[in-house]
2 protein chains.
Amino acid sequence: MLSKNQVSEIRALHQKKQRELKRQFIAEGVKTILELLTHYPQLISGLYGTDEFADQHAKLLKANSIPFTSIRPSELERISLLEKPNQVFAVCNYLNEPNLKFNFESHFSLYLDEIRDPGNLGTLLRLADWYGISKLFCSEGTCEFYNPKVIQASMGAFLRVEVVYTSLTRLISENNITTVYGALLNGANLYREKLQPGLIVIGNEANGISSENLSLVNRPITIPAAPGNKTESLNAAMAAGIICSEFFRQLQ
Amino acid sequence: MLSKNQVSEIRALHQKKQRELKRQFIAEGVKTILELLTHYPQLISGLYGTDEFADQHAKLLKANSIPFTSIRPSELERISLLEKPNQVFAVCNYLNEPNLKFNFESHFSLYLDEIRDPGNLGTLLRLADWYGISKLFCSEGTCEFYNPKVIQASMGAFLRVEVVYTSLTRLISENNITTVYGALLNGANLYREKLQPGLIVIGNEANGISSENLSLVNRPITIPAAPGNKTESLNAAMAAGIICSEFFRQLQ
């Protein structure tokens, strides 16, 4: 059972400003919560779920001394951001802030230049995790990592892939990166290029790579389209996925 | 200026049932509408936009004798489904229904088995268009093609890629398909397999390929992950994109 006060405190975390102030975020759904409980219980500040969930996972809850509040489905609906809330809801503390260091000489990673859609960022975290990219880099204007839709779309990958917000200039200079790929419409054929470890810049959904960052790209690459293709571009996360797949294929 | 009656008639099309009844759907945004005006003006049953839009595209509107209604931004907000409505809104008639025929011996295409997210379907239309896949196939339970979020996410590709809803059994028998790939977690390594033209089955976001359809797959394939990967799967559209990229690369 939740008090009015508790409900409004939790609902405040629906907003970015409040999340940043309290350094807390929301995670929802059985799958994500089980991942938190199993591998990162120390992040959980409060767990709110149905009796059904508590019964099914009693051992896990007890083992980690998790502060669990039993709530009704109607209460879950009041605090949830999902259309169909799913048994359990957590308030978590921010993760430790990762540093800029990354070994670009033996691995590849992405720099997201103003990716705005939280679904895209979440999907990209899942992709990075799949291909063993331990750290993703983003421009300051890229969608907030702790946006509940990012957490949701990442299906737990937000716990395994670190995200660093920084300028491209700073990232390049801190790591002495020499190979900067950029996903463009007029670059070298992705499939024919001999790809090397390095950084790959992915542009904004509507406007592509900013002109400032474009000047730092020294290896423009393009995903070839079928002859006569009329689609101007692929979805940004999709393009990043296809590019990472080809890097992984060539470098594995 | 819109009458109350017009507003409610247009808003009725926000619902699937009404779209199917009237055989009409909604398209929004300058980019999509310009594509409609340029290549498929006959589909437009009514166009509603700001004076700014009408002025900028007067020639195009006149050339096609498009029934244009000038509306204020506040009116656009009332009929739009977008968070930030963008100048123009169209009511369109359904496209012609495509048939089942497709040459699987020289091309590859996808069968979407219960893809539920409209963003995923729209993104997949864009992908299909990019790689020259002229027809996509879907199970009956896959997200509705005319869902406004599909139209929006497809960025105009819904006009160039045909979508057919059918059972996998019927699709296979009508086209005598012999090679049926399936995106699975325990199939052959996508990058090492010698890929051939054929059909690729992509499963539902949460549950994968249904057991009934799984029995029709004779070439299970898997996108290899990095060693030690803990992500259970990729986003369904992302997985389809990576697979199509590899088919295109090998077959081009």
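Residues numbered from 1 in each chain as written. Chains lettered and ligands numbered in written order. Predicted model: local features only at pLDDT ≥ 70, side-chain atom pairs only at ≥ 80, totals over all residues.

## Some points on the overall build of chain A
Across its full length, chain A carries 11 helices and 10 strands. Dimensions of chain A, computed from C-alpha atoms along their principal axes, come out at roughly 60 × 40 × 30 Å. Buried positions account for 44% of the 252 residues belonging to chain A. Restricting to contacts in chain A with at least 6 residues of sequence separation, those with at least 24 account for 77%. (Helix = DSSP H or I, 4+ residues; strand = E, 2+ residues; numbered from the N terminus. Buried ≥ 20, exposed ≤ 12 C-beta atoms within 10 Å, placed from the backbone. Contact = placed C-beta atoms within 7 Å.)

## Some words on the relation of the copies chain B and chain A
Under the fitted operation, chain B is carried onto chain A by 0.0 Å of movement along the axis and a turn of 180 degrees, and the coordinates agree to an RMSD of 0.0 Å. Interpreted geometrically, this transformation is the action of a two-fold axis. For chain B, the residue whose C-alpha comes nearest the rotation axis is B:Ile242, separated from it by 2.5 Å. Interface overlap between copies is the fraction of interface residues in one copy that are interface residues in the other; for chain B against chain A it reaches 100%, indicating a shared surface. (Least-squares fit on C-alpha atoms with pLDDT ≥ 70 in both.)

## A word on the confidence of the model for chain A
With 100% of its residues at a pLDDT of at least 70, chain A reaches an overall mean of 95. Our summary of model confidence lists the complex with pTM equal to 0.94 and ipTM equal to 0.93. (pLDDT = per-residue confidence, 0-100.)

## Notes on the nonpolar core
In terms of nonpolar packing, the biggest core is built from 154 residues, with A:Leu136, A:Val201, A:Ile243, B:Leu136, B:Val201 and B:Ile243 touching the most fellow members. When residues no more than four places from it in sequence are discounted, the contact partners of A:Ile243 are A:Ala183, A:Leu190, A:Ile200, A:Ile221 and A:Ile223. (Core = buried A, V, L, I, M, F, W, Y, C linked by C-beta atoms within 7 Å.)

## Quick notes on the interface of chain B and chain A
As a measure of interface size, the accessible area lost when the parts come together is often cited. Taken together, the 24 residues of chain B in the interface contact 24 residues of chain A. Secondary-structure elements contributing two or more residues to the side of chain B that touches chain A are α7 (118-130) and α11 (236-251) of chain B.

## A short note on helix α11 (residues 236-251) of chain A
Each full turn of the α-helix corresponds to 3.6 residues, which orients residues three or four apart in the same direction. For α11(A), built from 16 residues, the straight-helix expectation of 22 Å at 1.5 Å per residue is met to within 8% by its first-to-last C-alpha distance of 22 Å. With respect to burial, α11(A) is a largely interior element, 14 of its 16 residues being buried. (Expected span 1.5 Å × (residues − 1).)

## What to know about helix α3 (residues 30-39) of chain A
Regarding α3(A), the residues found buried are A:Thr32, A:Ile33, A:Glu35, A:Leu36 and A:Leu37. Residues of α3(A) that are buried sit in contact with β1 (24-28), β2 (44-49), α5 (58-63) and β4 (88-93) of chain A.

## Let's talk about the domain arrangement of chain A
Residues and elements named next belong to chain A. Domain annotation of chain A identifies domain 1 (4-93) and domain 2 (109-251). Each of domain 1 and domain 2 has a C-alpha centre, and the two are 31 Å apart. Each side of the interface is counted separately: domain 1 has 13 residues, and domain 2 has 8 residues. Among the residues forming the side of domain 1 that touches domain 2, the class breakdown is 5 nonpolar, 3 polar and 5 charged. (Domains from an automatic or database assignment. Nonpolar A, V, L, I, M, F, W, Y, C, P; charged D, E, K, R; others polar.)

## Here's the deal with the sheet that holds strand β2 (residues 44-49) of chain B
Residues and elements named next belong to chain B. The strand order across the open sheet built from 4 strands is β1-β4-β2-β3, with neighbouring strands paired in mixed fashion. On the outer flanks of this sheet lie β1 (24-28) and β3 (68-70), each paired with one strand and no other. Between one strand axis and the next, the sheet turns through 20 degrees on average, direction left out of account. The pairing of β2 with strand β4 (residues 88-93) spans 5 bridges and is antiparallel. Note on β4: the bridge partner recorded for Gly46 is Val91. Across the face of the sheet, helix α3 (residues 30-39) comes into contact with β1, β2 and β4 while running at roughly 45 degrees to β4. (Pairing = 2+ DSSP bridges. Axes fitted to C-alpha atoms, helices over the stretch in contact; angles between N-to-C directions.)

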